[in-house]
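So you can see what is in the structure, the chains are spelled out below.
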Amino acid sequence: MTGHFLRIAHNSLNHCPLDTDYLECSLPAYFERVVERHSAKLAIADDDVQFTYQQAHQKVGKLASAIWTARVSGVVAVYLPNCADMVIAFWGIMKAGCAVVLIDPALPEERCRFMLEDARAAAVITRSDLIETTQAFDHFDVPILRIDQLPMKSDETISMQVHVNDPATLVYTSGSTGQPKGIMHSHKAWMTSIAYVALCERYVPEDRIAQVYSPSSAASIIGVVYALLTGASIHMFDANKY
């Protein structure tokens, strides 16, 4: 059965522009290939900013360097709404060799605190304004990196060896039937999932993808990953603003 599904995943390459060795690449490694091909093209946008692939790559590298400098490993939480910074944090954490758990600030503080503690997050990526409006981090003794206040010197790139079977993301269920459960996904699992998505959604570099899902959902990750691995642009909309 597993072999059957893997064959479907390989066949889906007829429908999306992934390289034939995609299952041998980690997410950040494949993203760097796309940056080389589409460096000047729009990659990420929200209500306030726009980044080309090259600009996004530089910001991802800056954050990864800051994470590395802080000697953080394991799972790193992102406490940000749908915005360009959330996408940068997502890729920067993986580039630093860590796994990502995305936490939607719109969730109840009790739920956010549970996810942080259950994930055993080694650090949190957020913004200064969000820290001032939540108590979710109270008594949570880990480094908190403010993505809007990263050190100016952290422009050097790091070269972490990220393997395809390494953990990439930790995604929590809705908890509608009880306590939310965290499910870890590897880089290879996400690359395989993207191949499945390609059977239905045939993104090309000219596409502009609207992201409206909660950052904590698997659908959010699929949108961000698939758009930026096919050279399309992702446009982030924070539903709580409208």
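This structure is a prediction, so every number in the text was calculated from the model and none was measured.

Draft legend 1. The arrangement of the overall build of the chain in detail. Looking only at helices and strands, the chain has 8 helices and 10 strands in total. Counting only residues that meet the buried cut, the chain has 51% of its 242 residues in that class. The long-range fraction of contacts in the chain, counting pairs at least 24 apart against all pairs at least 6 apart in sequence, stands at 67%. Total accessible area on the chain is roughly 11700 Å²; 51% of this is exposed by carbon and sulfur atoms.

Draft legend 2. Seen up close, helix 5 (residues 109-119). Inspection of helix 5 places R111, C112, M115, L116 and A119 among the buried residues, and these make up the whole buried set. Viewed end-on, helix 5 has its buried residues packed into an arc of 135°, placing them on one side of the element. The elements touched by buried residues of helix 5 are strand 3 (75-79), strand 4 (99-103), strand 5 (123-126) and strand 7 (167-172). In the segment just after helix 5, R120 is the residue with positive phi, at about 55°.

Draft legend 3. Highlighting the nonpolar core. Counting 80 residues, the largest nonpolar core has I44, W91 and L228 as the members making the most contacts within it. The element that contributes the greatest number of residues to this core is helix 4 (residues 84-95), accounting for 9 residues. Apart from residues no more than four positions distant in its own chain, L228 is found in contact with F31, V34, A43, I44, Y53, V87, W91 and I234.

Draft legend 4. Structural detail: the pattern of salt bridges. The final tally for this structure, using the stated rule, is 3 salt bridges. Salt-bridge contacts for R33 lead to D21; the nearest nitrogen and oxygen are separated by 2.8 Å. Of this pair, R33 sits in helix 2 (residues 27-37) while D21 sits in the loop between helix 1 (2-11) and helix 2, and the two are 12 residues apart along the sequence. Residue R127 pairs with D129 through a salt bridge whose shortest N-O separation is 2.9 Å.

Draft legend 5. Summary view of the packing of aromatic side chains. Per the counting criterion, the structure on display carries 5 aromatic pairs. Taking 4.7 Å as the distance between ring centres and 20° as the angle between the ring planes, the aromatic pair formed by F31 and W91 counts as stacked. Of this pair, F31 sits in helix 2 while W91 sits in helix 4, placing them 60 residues apart in sequence. What makes F31 buried here is its relative accessible area of 3%. Judged by its relative accessible area of 1%, W91 is buried.

Draft legend 6. Here's a closer look at the packing of helix 2 against helix 3 (residues 53-69). At a minimum axis distance of 9 Å, the contact between helix 2 and helix 3 shows a crossing angle of 145°. Read as a crossing pair, helix 2 and helix 3 show a hand that is left-handed. Each of F31, E32, V34 and V35 in helix 2 lies in contact with helix 3, whose residues at this interface are Y53, Q54 and H57.

Draft legend 7. Here's a closer look at a nonpolar patch on the surface. Together, V212, Y213 and F237 make up a nonpolar patch on the protein surface, roughly 290 Å² of accessible area in all. Its location among the elements puts F237 in the segment after strand 10 (233-236). A relative accessible area of 34% means that F237 is categorised as partly exposed.

Draft legend 8. Expanded view of the sheet that holds strand 10. The strand order across the open sheet formed by 4 strands is 2-1-10-9, and the pairing between neighbours is mixed. Of all the strands in the sheet, the pair left with one neighbour each is strand 2 (50-52) and strand 9 (208-211). When strand polarity is set aside, the average angle formed by the axes of neighbouring strands in this sheet is 20°. Across the sheet, helix 8 (residues 218-229) lies against strand 1 (42-45), strand 9 and strand 10, angled at about 160° from strand 9, the strand it touches most.

Conventions and cut-offs
Residues numbered from 1 in each chain as written. Predicted model: local features only at pLDDT ≥ 70, side-chain atom pairs only at ≥ 80, totals over all residues. Heavy atoms only, no water. Helix = DSSP H or I, 4+ residues; strand = E, 2+ residues; numbered from the N terminus. Buried < 20%, exposed > 50% of the residue type's maximum accessible area, 1.4 Å probe, protein only. Contact = heavy atoms within 4.5 Å. Areas by Shrake-Rupley, 256 points an atom, 1.4 Å probe, with all protein chains shown as cover. Arc of directions from axis to C-beta. Core = buried A, V, L, I, M, F, W, Y, C linked by side-chain atoms within 4.5 Å. Salt bridge = Lys/Arg side-chain N within 4 Å of Asp/Glu carboxyl O. Phe/Tyr/Trp six-rings, centres within 6.5 Å; stacked < 30°, edge-to-face > 60°. Axes fitted to C-alpha atoms, helices over the stretch in contact; angles between N-to-C directions. Left-handed = near helix turned anticlockwise from the far one by under 90°. Patch = residues over 30% accessible without salt bridge, like charges linked within 9 Å, V, L, I, M, F, W, Y side chains within 5 Å. Pairing = 2+ DSSP bridges.

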